[in-house]
Amino acid sequence: MATKILYSTSSTATGGRDGRARTADGSFEVTLGTPKELGGNGQGNNPEQLFASGYAACFLGAMKFAASQGQHAKVPADATVTATVGIGPRADKGFGLAVALEISLPGVDRAAAEALVAEADTICPYSHAVRGNIEVKLSVA
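Sequence order as written defines residue numbering, which begins from 1 separately in each chain. At least 70 in pLDDT is required for a residue's local features to be given in this predicted model, at least 80 for side-chain atom pairs to be given and counted, and no such filter applies to totals for whole chains, interfaces and linings, which use all residues. Side-chain figures throughout are based on the complete set of non-hydrogen atoms in the structure, without hydrogens or water.

### Brief notes about the domain arrangement of the protein chain
We count it as follows: The split of the chain into domains comes from an automatic or database domain assignment. Contacts were defined at the residue level, with two residues in contact if any of their heavy atoms lie within 4.5 Å. Using a 1.4 Å probe, buried area is obtained as the accessible area two parts lose upon being combined, added over both of them. For this analysis, a salt bridge means a side-chain nitrogen from Lys or Arg found within 4 Å of a carboxyl oxygen belonging to Asp or Glu. We define a polar contact as two N or O atoms separated by no more than 3.5 Å, with the added condition that, inside protein, one atom must be a possible hydrogen donor and the other a possible acceptor, whereas residues neighbouring each other in sequence contribute only through side-chain atom pairs.
Parsing the protein chain into structural domains produces domain 1 (7-44) and domain 2 (45-138). Once you take the C-alpha centre of each, domain 1 and domain 2 turn out to be 22 Å apart. Counting from both sides, the interface comprises 10 residues of domain 1 and, opposite them, 7 residues of domain 2. A buried area of about 620 Å², summed over both sides, lies between domain 1 and domain 2, and 60% of it is on carbon and sulfur atoms. For the pair domain 1 and domain 2, the number of links is 1 salt bridge. Summed over the shared surface of domain 1 and domain 2, the result is 3 residue pairs in polar contact (both at pLDDT 80 or more).

What follows is the structure, given as structure tokens:
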């Protein structure tokens, strides 16, 4: 399926999990560090934190887009999406990820919130990218 690209960005990493990453335009730069649980010193940010932040922000944006189409509840200003990303060894080879998205939509009744979340899951490009590859659990708080 072809995608009409409207925006593109790039980031370059050096040093792997214990290095640095910087966007081409210089607007974002981060020191990377392996988590203690994976044998590092825990100093700096890691790819899982960056992925969790991106997925949470994107999913909230997808909910706002879905709501703007007029068929779902409005997303309240204090809505939140918390993405928890886990990493660990796979049974076959290498490492795998698991994601849990916890969505809070204060003042929106549960059925309407669940419908909005389900629609956002069909819109969010992160959800599209991981579907069938990473276990993702969605929950409405």
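### Examining the sheet that holds strand β6 (residues 135-140)
By way of backbone hydrogen bonds, the strands of a sheet pair with one another, either parallel or antiparallel. To keep things clear, this is the line we draw: Think of it this way: DSSP has to see at least two bridges between two strands before they count as a pair. Secondary structure is summarised from DSSP: a helix means a run of H or I of at least four residues, a strand means a run of E of at least two, and numbering begins at the N terminus for each. In this description, a line fitted to the C-alpha atoms serves as the axis of each element, helices being fitted only across the stretch in contact, and the angle between N-to-C directions of two axes falls anywhere from 0 to 180 degrees.
Read from one edge of the open sheet, 3 strands run β4-β5-β6, paired in mixed fashion. Each edge of the open sheet carries a strand with a single partner, namely β4 (80-89) and β6. The sheet shows a mean angle of 15 degrees between the axes of neighbouring strands, taken without regard to direction. On the sheet, helix α1 (residues 47-68) packs against β4, β5 (95-104) and β6 and is oriented at approximately 145 degrees with respect to β4. Set on the sheet, helix α2 (residues 110-123) makes contact with β5 and β6; between it and β6 the angle comes to about 155 degrees.

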